[in-house]
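Residues per chain are reported as follows:
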Amino acid sequence: MGLYLGLDSSTQSLSALVIDTDAGQVVLQEAVNFGQDLPEYRSPHGFLPNPDAQLRHADPLLWVAALELLFTRLKAGGFDFGAVRGVSGSGQQHGSVYLNTRISDAPAWSSATPLVDQVRPLLSRASSPIWLDSSTTAECGEIAAAVGGDSVVVGVTGSRAIERFTGPQIRKFWKTEPEAYAKTAEVTLVSAFIASILTGQSAPIDFGDGAGMNLLDLQSGAWSPALLAATAPNLAQKLLPAVPSATRVGELEPYFVKRFGFAPGTPVIAFTGDNPSSLVGMGATEPGTAVISLGTSDTVFAAMREPRTDPRGYGHVFGNPAGGFMCLIGFANGSLAREEVARRVGLSWPAFEAAILQRTKPGNEGNSMLPYFFPEMTPKLLEPKLELEGTEAFRAFQDPPANARAIVEAQALSMQRHSDWIGERPRSVRVTGGASKNRGILQVLADVFDARIETLSVSNSAALGAALRAAQAGTRLSWAELYARFVVADASGRVESSPSAVVAYAEPRAKFARKMQALGV
Ligand code: XUL
């Protein structure tokens, strides 16, 4: 049997997903919820509560405890770890872990002591800033200024200096705790940290997640000397060289063999970021298929042939785990904005769907909106920016069908405009996340993008992507063969574009572009 284990350490949980490549089936899914299952870490949402909304840190030992608990549960449930032929994983992006000793230089894990107690003395910083932290605006400015401006940071690393990205967070650590920074032998990411725990070796950061640090030179795949120097002193010595995502970074430490019954020598493939891993789990590693995730915030991501960068500076470029690059563009006004419209006009979610499909037409008879109920990251708006143009009733939120269609059209037009720089027109768009059940939204996306919309049966695409990456490294199966077995389109979730609707969006698209230009974004 060919079993491959994928792990995903997200903000709120650690999931495991096991695939059987012979049977072509997902054979196991299990998760540990940080808040519920590990209450002693006092992190109900996966991070340490802090009254300052900009400060979001997590206890890195929580991730280690979750790993131990997850494996303990799987073993208690009768799972045969000995049948696993390879392991890979993913982690929430950008979050960083600071070690006073490289894991490679630490003693081998002792099976007599819980892992957390062995890892605790290795930390040079008790908490890890995570992607929800936005406290580094000053450091972003300093880094950009030191290298010649944001356009230089974008050109080298694929993103402008961003608060949640690791480089600005490292700089803040150096500025606020210089002694602890000086004692730090290694800075790593959540993804590579977990791979290091599993292998008992310092696992290198991969190109997928490494590109989310504002430190990696996309062209060379090496840490940029200019960005390292602009970030913090001696940083080069604290980072291992970044590696392609398919790199075998080691084998499971004997601890895992003894405690859980893994086969000795089980290979571990580099861990990556959750978004690059989802690109694999959604079967979208070839250009031409984009992914839209509709959640609290919305995300568009897609493979790219070339390492192009967003000239407007909102999008990000990460490594594609299958080789090459991917873009990721995040929109803060996702479900929260859709729900706000539904609330204002008193539409239930099914009525919201029916309003789009049955009671309004593509283009919305000229009723349009700028959909920023909350501050936005793409385009960058520090204040909400809500503007309605159209009939009086529409402008007063008294035309529920038109108001429902308007938010969805505006969001789709924004996603299209702000992903136009990747230079690939997607033929198909795979939509995931809670709102992907809404056929009205799917139809608008199909018509605005002039693409076939597909939904997939898998829900945990990051963990599936991790299992597929482990399988790809461990078998002779190609990506296409793996996708044919494991990335199954949900036949009922397929939506085609309508030629007349595609034409109807020419004018709204131009109008949306004019509005963006008027805002200077
Ligand atoms: C991406 C990002 C988030 C995290 C979530 O830039 O910050 O998607 O990866 O886990």
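Residues numbered from 1 in each chain as written. Predicted model: local features only at pLDDT ≥ 70, side-chain atom pairs only at ≥ 80, totals over all residues. Heavy atoms only, no water.

**As for the site of the ligand**
In the vicinity of the ligand, the residues found are Q92, Q93, H94, W131, R164, D274 and N275. Backbone polar atom of Q93 to an oxygen atom of the ligand: 3.1 Å apart, as the coordinates give it. At 2.8 Å, a side-chain N or O of R164 approaches an oxygen atom of the ligand. About the coverage of the ligand: the protein hides 88% of its 290 Å² of free accessible area. Here the residues of the shell around the ligand sort into 1 nonpolar, 4 polar and 2 charged. (Near = heavy atom within 4 Å. Polar contact = N/O pair within 3.5 Å; in protein donor to acceptor, adjacent residues only side chain to side chain. Areas by Shrake-Rupley, 256 points an atom, 1.4 Å probe, with all protein chains shown as cover. Nonpolar A, V, L, I, M, F, W, Y, C, P; charged D, E, K, R; others polar.)

**Structural notes on the packing of helix α16 (residues 400–417) against helix α17 (residues 439–449)**
Helices that pack against each other are described as a pair by the angle of their axes relative to one another and the distance between those axes. For the pair α16 and α17, interaxial distance at closest approach is 9 Å and the crossing angle is 40°. Looking at the two axes, α16 sits oblique to α17. Here α16 and α17 pass one another in a crossing that is right-handed. Between α16 and α17, the residues in contact are R405, V408, E409, A412, L413, M415 and Q416 and I441, V444, L445, V448 and F449, respectively. (Axes fitted to C-alpha atoms, helices over the stretch in contact; angles between N-to-C directions. Helix = DSSP H or I, 4+ residues; strand = E, 2+ residues; numbered from the N terminus. Parallel < 35°, antiparallel > 145°, perpendicular 65-115°, else oblique. Left-handed = near helix turned anticlockwise from the far one by under 90°. Contact = heavy atoms within 4.5 Å.)

**Some remarks on the sheet that holds strand β18 (residues 428–432)**
Across the sheet, which stays open at both edges, the 6 strands sit in the order β14-β15-β13-β12-β18-β19 with mixed pairing between neighbours. The outermost strands of the open sheet, each flanked by one partner alone, are β14 (316–319) and β19 (452–454). Averaged over neighbouring strand pairs, the angle between their axes works out to 25° when direction is ignored. The sheet contact formed by β14 and strand β15 (residues 325–331) spans 4 bridges and is antiparallel. (Pairing = 2+ DSSP bridges.)

**Comments concerning the nonpolar core**
With 111 residues, the main nonpolar core has M369 and L468 as its most contacted residues. Top element by residues in this core is α16. It accounts for 9 residues. L468 has contacts with I19, V280, G281, W479, L482, Y483, F486 and V487, leaving out every residue within four places of it along the chain. L38, L74, I197 and A203 belong to the second largest nonpolar core, which has 56 residues in total. (Core = buried A, V, L, I, M, F, W, Y, C linked by side-chain atoms within 4.5 Å. Buried < 20%, exposed > 50% of the residue type's maximum accessible area, 1.4 Å probe, protein only.)

**Focus: the packing of aromatic side chains**
Taken as a whole, this structure holds 16 aromatic pairs when the rule is applied. A ring pair is formed by W349 and F352, whose centres lie 4.9 Å apart and whose planes are at 25°; its orientation type is stacked. Of this pair, W349 and F352 both sit in helix α14 (residues 349–358), 3 residues apart, which is roughly one turn of the helix. Owing to a relative accessible area of 0%, F352 belongs among the buried residues under this scheme. Ring-pair connections join several aromatic residues into one group, and the members of that group are F71, F79, F81, Y255, F256, F260 and F262. Seen from the ring of Y98, R125 lies directly overhead, with NZ or CZ sitting 4.9 Å from the centre. In this structure, R344 packs its charged tip against the face of F397, placed 4.9 Å from the ring centre. (Phe/Tyr/Trp six-rings, centres within 6.5 Å; stacked < 30°, edge-to-face > 60°. Lys NZ or Arg CZ within 6 Å of the ring centre and 35° of its normal.)

**Details of the environment of F331**
With respect to the element layout, F331 can be found in strand β15. Here F331 falls in the buried class, since its relative accessible area comes to 5%. Counting along the chain gives 34 residues from F331 to S297, while the straight-line C-alpha distance between them is 5.6 Å. Other than its neighbours up to four places away in sequence, F331 contacts S297, D298, V300, E376, M377, T378, S414, M415 and H418.

**Structural notes on the pattern of salt bridges**
For the structure shown, the criterion picks out 22 salt bridges. In this structure, D117 engages R120 in a salt bridge whose closest nitrogen and oxygen atoms are separated by 2.8 Å. Exposure remark for D117: the relative accessible area of 36% places this residue in the partly exposed category. According to the relative accessible area criterion, R120 is partly exposed, its value standing at 43%. Here R312 and D420 are joined by a salt bridge, their closest N and O atoms 3.3 Å apart. (Salt bridge = Lys/Arg side-chain N within 4 Å of Asp/Glu carboxyl O.)

**Thoughts on unusual backbone geometry**
The phi angle of most residues is negative, glycine excepted, and most peptide bonds adopt the trans form. Cis geometry is found at the peptide bond from T378 to P379, where omega equals 0°. In this structure, N234 takes a positive phi of about 55° despite not being glycine. Along the polypeptide, N234 turns up in the loop between α10 (225–231) and β9 (248–251).

**Let's talk about helix α5 (residues 150–157)**
Of all the residues in α5, the buried ones are V153, V154 and T157. End-on view of α5: buried residues confined to an arc of 100°, all on one side of the axis. A positive backbone phi angle near 95° is found at G158, which sits one or two residues after α5. (Arc of directions from axis to C-beta.)

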